[in-house]
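# Examination of the molecular architecture
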Amino acid sequence: MGAGEEERVNWLIEFFGDPANWSGPDGIPLRLLEHLLFSVAALALAALVAIPLGLWIGHTGRGSLFIVVAANLARALPTLGLVVLIVMLLGTASVWPVLIPLVALAVPAILVNTFEGIRGVDPELRDAAYGMGLSGRQVLGRVLVPVALPLILLGLRLAAIQIVATAAVAAYTGLGGLGRYIIDGLAIRDYPTVLGGSVLIVLFALAAQFLFVMAERVAVSPGVSRRVKVR
Amino acid sequence: MGEEPSIWEYFTRNWSTGQPGSIDTLLGDHIVMSLLPIVAALAFAIPIGLACVRWRLLYQPTAGLVNIIYALPSLALFGVFLAVTGLSQATVIIPLTFYAVAVLVPAVVDGLRSVPEHVRQSAVAMGFTPLRRLTRVELPLAAPVVLAGLRVAAVSSISLVSVGALVGMGGLGYLFIRAWQIDYFAPAIVGIVGIVLLALIVDGILVVSQRLLTPWVRARRSG
């Protein structure tokens, strides 16, 4: 195919200028909302599994090998293959089967970074907290987690990136969301729709990235992020 | 486990059929589309990384750009490039090169920064010209960190190529489309196993080459 510069701009005008693309079940607002809902649900589930597990493994040091294996495997596993296989085996009757690969591929990023964050806390800081009479749980909650927060949030951001991308791919097996424009557009060789959907997903991913960078600024303690000089 | 032979059968029957969807052809395409971006990205990342270390002001904006590129979903990027390069391997190879550059630039910068200042100064004192210092001292010492980045980039690239199947260029990823079309899981398993194995082999080759290229790392550890 390969179109000229001008034609591609026309494609975008054609896609975004079409009023039919702005309402109804195929409309951009609803697709955007779907993509947001799947992504938030998958990220919440992944965080629910990965953060406690990462804190526990980081705090106790048990099962570190598991972390390394999970991280490497998640990188090598092809997302499309996992989505197709799981949806095929569990059926397309509900959204739940698709959420499994979304969550499974997001867990390692959060797990690894939470673990690294906790492990990376200065041992002297940890000992000082114990020395002040804090219990194991208090040390974790009041010292280790705040100091490890930048990495925990980084893990969440990387997981969100992964989820937004995988949710787009999962449109192939029938999931709603912005990926639909690419999959449906390709099926009928409607390239303006493919390009329009791609641009929407890129904007969505950038917005998510921006949100997380802002959250990192707000949530991380000034002493940890070194915005305030510590004597 | 009565299903195992059928997966194996699917593999052997479709290995070398001479047809377009033959697994050996898909594997060849997969290797080209995943490793070409890595080679290209290394060629871009080394000068970019050098520039970032040489001119510190460049690093912040470059790191920001790298973060943005890394956040772009692969399918969307393939969709955008489909409009530019059409149905060709470039549609997959160019976006994957971007991702690999995004992984390798920080690795090159970290690697070069890990070279101790006294080593650099020793090289100057020994009369090394800047170019010889770079090729003989700095780049070799940066190699372990760069190779670690290369491993991450290569494995991600191998797994990401399969998403290209959705835009018609996915190497082994085609097997996932095939599985979905004929509603039979054997091709999907062959595809997943094939891609993970390819990733493991390439990763293994990089680990071995890291040991061969940087023997001093092991010597230091054991001694």
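Bear in mind that the values here come from a model prediction, so they are computed numbers and not experimental data. (Residues numbered from 1 in each chain as written. Chains lettered and ligands numbered in written order. Predicted model: local features only at pLDDT ≥ 70, side-chain atom pairs only at ≥ 80, totals over all residues. Heavy atoms only, no water.)

This next bit is on the UniProt feature "domain: ABC transmembrane type-1" (unreviewed entry) in chain B. What UniProt calls "domain: ABC transmembrane type-1" (unreviewed entry) maps, in this numbering, to residues 27–206 of chain B. Secondary structure over residues 27–206 of chain B splits into 82% helix and 0% strand, and the C-alpha atoms at its two ends are 19 Å apart. (UniProt positions renumbered as here; feature names shortened; annotations may be inferred. Helix = DSSP H or I, 4+ residues; strand = E, 2+ residues; numbered from the N terminus.)

Residues and elements named next belong to chain B. Secondary-structure assignment places L134 in helix α7 (residues 130–160). Assessed through its relative accessible area of 16%, L134 is described here as buried. Measuring from C-alpha to C-alpha, the distance between L134 and L112 comes to 9.5 Å, with 22 residues separating the pair along the chain. Once residues within four sequence positions are removed from consideration, L134 is found in contact with L50, L139 and P140. (Buried < 20%, exposed > 50% of the residue type's maximum accessible area, 1.4 Å probe, protein only. Contact = heavy atoms within 4.5 Å.)

All names here are of chain A. Sites flagged by UniProt as "transmembrane region" (unreviewed entry) map to residues 36–58, 65–90, 96–118, 139–157, 163–183 and 195–215. Along residues 163–183 the backbone is 62% helical and 0% strand, and the end-to-end C-alpha distance reaches 17 Å. In the segment residues 195–215, helix accounts for 100% and strand for 0%; the C-alpha atoms at its two ends are 30 Å apart.

It is worth spelling out a nonpolar patch on the surface at this point. A surface patch of nonpolar side chains, amounting to about 450 Å² of accessible area, comprises L30, L33, L36, L37 and V40 of chain A. Here V40 of chain A lies in helix α2 (residues 28–60). (Patch = residues over 30% accessible without salt bridge, like charges linked within 9 Å, V, L, I, M, F, W, Y side chains within 5 Å. Areas by Shrake-Rupley, 256 points an atom, 1.4 Å probe, with all protein chains shown as cover. Salt bridge = Lys/Arg side-chain N within 4 Å of Asp/Glu carboxyl O.)

What follows is about the packing of aromatic side chains. Tallied over the entire structure, the rule returns eight aromatic pairs over all chains. An angle of 85° between the planes, with centres 4.9 Å apart, marks the rings of F15 of chain A and F16 of chain A as edge-to-face. With a centroid separation of 5.4 Å and 45° between ring planes, the pair formed by Y184 of chain B and F185 of chain B is classed as tilted. Cluster of aromatic residues (ring-pair linked, three or more members): F15, F16 and Y181 of chain A. The aromatic ring of F128 of chain B is capped on one face by R132 of chain B, whose charged end is 5.2 Å from the ring centroid. (Phe/Tyr/Trp six-rings, centres within 6.5 Å; stacked < 30°, edge-to-face > 60°. Lys NZ or Arg CZ within 6 Å of the ring centre and 35° of its normal.)

Moving on, we come to the interface of chain A and chain B. Between chain A and chain B, the residue contacts involve 40 residues of the former and 40 residues of the latter. Between chain A and chain B, roughly 3,300 Å² of surface is buried when both sides are summed, and carbon and sulfur atoms account for 81% of that area. Scanning the region where chain A abuts chain B turns up zero salt bridges. At the junction of chain A with chain B, the criterion picks out three residue pairs in polar contact (both at pLDDT 80 or more). Looking at the side of chain A that touches chain B, the elements with two or more residues in it are α1 (5–17), α3 (64–76), α4 (79–90), α7 (136–170), α8 (179–187) and α9 (191–219) of chain A. (Buried area = accessible area lost by both parts, 1.4 Å probe. Polar contact = N/O pair within 3.5 Å; in protein donor to acceptor, adjacent residues only side chain to side chain.)

Among the nonpolar cores identified, the biggest contains 92 residues, and L80 of chain A together with L75 and L166 of chain B are the most heavily contacted of them. Residue contacts for L75 of chain B: discarding those within four places in its chain leaves A168, V169, I182, I183 and S198 of chain A together with V163 and L166 of chain B. Membership of the second largest hydrophobic core comes to 33 residues, among which are L99, A109, A159 and I163 of chain A. (Core = buried A, V, L, I, M, F, W, Y, C linked by side-chain atoms within 4.5 Å.)

Residue and element names in this part refer to chain A. According to the stated counting rule, one finds nine salt bridges over all chains in the structure shown. A salt bridge links R31 to E34, with the nearest nitrogen and oxygen atoms 2.8 Å apart. Of this pair, R31 and E34 both sit in helix α2, three residues apart, roughly one helical turn. Residue class for R31 comes out buried when judged on its relative accessible area of 8%.

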